[in-house]
Amino acid sequence: MTAGLWELVLQGIGITLQLLVYSALLAVAVSFVVGAARTHRSRLVRFLAACYTEVFRGISALVMIFWVFFVLPVAFGWQLVPMWAGTLALGLTYGAYGSEIVRGALAAVDPAQREGGIALGFSPWQRLRLVLLPQAVPEMIPSFSNLLVELLKGTALVSITGMGDLAFSGNLVRLALQQSGQIYAYLLLIYFVIAFLLTRGMRVLERRLKAEVAR
């Protein structure tokens, strides 16, 4: 490939990583808010959180991107740029999956820990922040690591909006060179390397968090 085509691919990698960071931050925020709501004492709060989880888990991320980028502008008269449309669609969709990770990890904490927090006079928020989350978060990391890799692969879906991510840039290079096999092999390798680095980073984070809990 020429230097110009390689530059196009590098720009695509940068946009993909940017989208991954933004959508992952939104997904994590949604995961913890909705996951904690699933364990709330109020039945109404638990019901609303469960409805969100079931709805967004049952909707294809691709269809959600279509809705956010193509349908909402027609319905409300405003248009999100592809980056923010992709962030919103992917963050809300994968946040629904992440909320189940949070809910399951919180439910797995020894009930005696909850009782201890109550005995100490902690409020529900204090019990969540000081007792439950420090023990539950390290157990969430392996599942969040898998979800992060799935989110990375999901970023390729935003290419339908014309955003110059890695998948979109790779397709432009393929059309320019008429070499499908070679270009798609490069794309596979690049996605694999990014996913490999993500999983290694999450494993380091998991070990550090478990070391902190052990102290």
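In the block above lies the structure referred to throughout.
Quick notes on the rules
Residues numbered from 1 in each chain as written. Predicted model: local features only at pLDDT ≥ 70, side-chain atom pairs only at ≥ 80, totals over all residues. Heavy atoms only, no water. 1 Å grid on protein atoms, 1.4 Å probe; cavity = no way out; pocket = protein on both sides within 12 Å on 5 of 7 lines; lining within 4 Å. Points joined across faces, edges and corners; volume = space filled by probe spheres on them. Helix = DSSP H or I, 4+ residues; strand = E, 2+ residues; numbered from the N terminus. Nonpolar A, V, L, I, M, F, W, Y, C, P; charged D, E, K, R; others polar. Axes fitted to C-alpha atoms, helices over the stretch in contact; angles between N-to-C directions. Parallel < 35°, antiparallel > 145°, perpendicular 65-115°, else oblique. Left-handed = near helix turned anticlockwise from the far one by under 90°. Contact = heavy atoms within 4.5 Å. Patch = residues over 30% accessible without salt bridge, like charges linked within 9 Å, V, L, I, M, F, W, Y side chains within 5 Å. Areas by Shrake-Rupley, 256 points an atom, 1.4 Å probe, with all protein chains shown as cover. Salt bridge = Lys/Arg side-chain N within 4 Å of Asp/Glu carboxyl O. Lys, Arg positive; Asp, Glu negative; His and termini not counted. Charge placed at Lys NZ, Arg CZ, Asp CG, Glu CD. Buried < 20%, exposed > 50% of the residue type's maximum accessible area, 1.4 Å probe, protein only. Phe/Tyr/Trp six-rings, centres within 6.5 Å; stacked < 30°, edge-to-face > 60°. Expected span 1.5 Å × (residues − 1). Arc of directions from axis to C-beta. Polar contact = N/O pair within 3.5 Å; in protein donor to acceptor, adjacent residues only side chain to side chain.

## Points about the layout of surface pockets
- Taken as a whole, the largest pocket spans an internal volume of roughly 320 Å³.
- The wall of the largest pocket is formed by Ala36, Thr39, His40, Arg41, Arg114, Ile118, Pro124, Trp125, Arg127, Leu128 and Leu132.
- Of all elements in the fold, only helix H5 (111-119) and helix H6 (124-154) reach the threshold of two or more residues within the lining of the largest pocket.
- For the lining of the largest pocket, the element with the highest residue contribution is H6, accounting for five residues.
- Here the lining of the largest pocket is built from residues that sort into six nonpolar, two polar and three charged.
- One number sums up the size of the second largest pocket: a volume of about 230 Å³.
- Those elements that provide at least two residues to the lining of the second largest pocket are helix H1 (3-37) and H6.
- Per element, the largest residue contribution to the lining of the second largest pocket is seven residues, and it comes from H6.

## Observations regarding the packing of helix H2 (residues 43-57) against helix H4 (residues 82-108)
- It is the contact of H2 with H4, at a shortest axis distance of 8 Å, that shows an interaxial angle of 125 degrees. Between H2 and H4, the angle falls in the class oblique. Where H2 crosses over H4, the handedness of that crossing is left-handed. Across the interface between the two elements, Tyr52, Thr53, Phe56 and Arg57 from H2 touch Leu92, Thr93, Ala96, Tyr97, Ser99 and Glu100 from H4.

## Comments concerning a positive patch on the surface
- A contiguous patch of positive charge, built from Arg200, Arg203, Arg207 and Arg208, is present on the exposed surface.
- Examined against the element boundaries, Arg200 turns out to sit in helix H8 (residues 180-214).
- On the basis of relative accessibility, which here comes to 36%, the residue Arg200 falls in the partly exposed class.

## Looking at the pattern of salt bridges
- Counted under the stated rule, the structure contains four salt bridges.
- With a closest N to O distance of 2.6 Å, Glu100 and Arg38 form a salt bridge. Note that Glu100 is positioned in helix H4 and Arg38 in the loop between H1 and H2, a separation of 62 residues in sequence. For the pair shown, Glu100 and Arg38 are each scored as buried.
- One salt bridge in this structure joins Glu150 and Lys153, with 3.0 Å as the shortest N-O distance. Highlighted residues: Glu150 and Lys153, both in helix H6, separated by three residues, approximately one helical turn.

## Concerning the packing of aromatic side chains
- A full pass over the atoms with the stated rule returns eight aromatic pairs.
- Ring centres of Phe76 and Trp78 lie 6.2 Å apart, and the angle between their planes is 25 degrees; this geometry places the pair in the stacked category.
- Phe76 gets classed as exposed once you look at its relative accessible area, which sits at 56%.
- Under the relative-accessibility criterion, Trp78 is labelled partly exposed at 37%.

## With respect to helix H7 (residues 166-177)
- Here H7 spans 16 Å end to end across 12 residues, near enough to the 16 Å set by a 1.5 Å rise per residue.
- Three or more residues of H7 are buried, namely Leu166, Ser169, Gly170, Val173 and Arg174. Summarising the axial view, the buried residues of H7 lie within an arc of 145 degrees, below the 170-degree limit, and thus occupy one face.
- With a side-chain oxygen lying 3.3 Å from the backbone nitrogen of Ala167, the N-terminal cap of H7 falls on Asp165.

## Digging into a nonpolar patch on the surface
- On the surface, a nonpolar cluster with roughly 560 Å² of combined accessible area is contributed by Leu62, Val63, Phe66, Trp67, Phe70, Val71 and Ile160.
- With respect to the helices and strands, Phe70 occurs in helix H3 (residues 61-76).
- Using a relative accessible area of 37% as the deciding quantity, one classes Phe70 as partly exposed.

## Observations concerning the packing of H5 against H6
- Between H5 and H6, the shortest axis-to-axis distance is 10 Å and the interhelical angle comes to 160 degrees. In terms of axis orientation, H5 runs roughly antiparallel to H6. Seen from above, H5 lies across H6 with right-handed handedness. Seen from H5, the contacting residues are Gln113, Arg114, Gly117 and Ile118; seen from H6, they are Arg127, Val131, Leu132 and Gln135.
- For the contact of H5 with H6, a count of residues per class yields three nonpolar, three polar and two charged.

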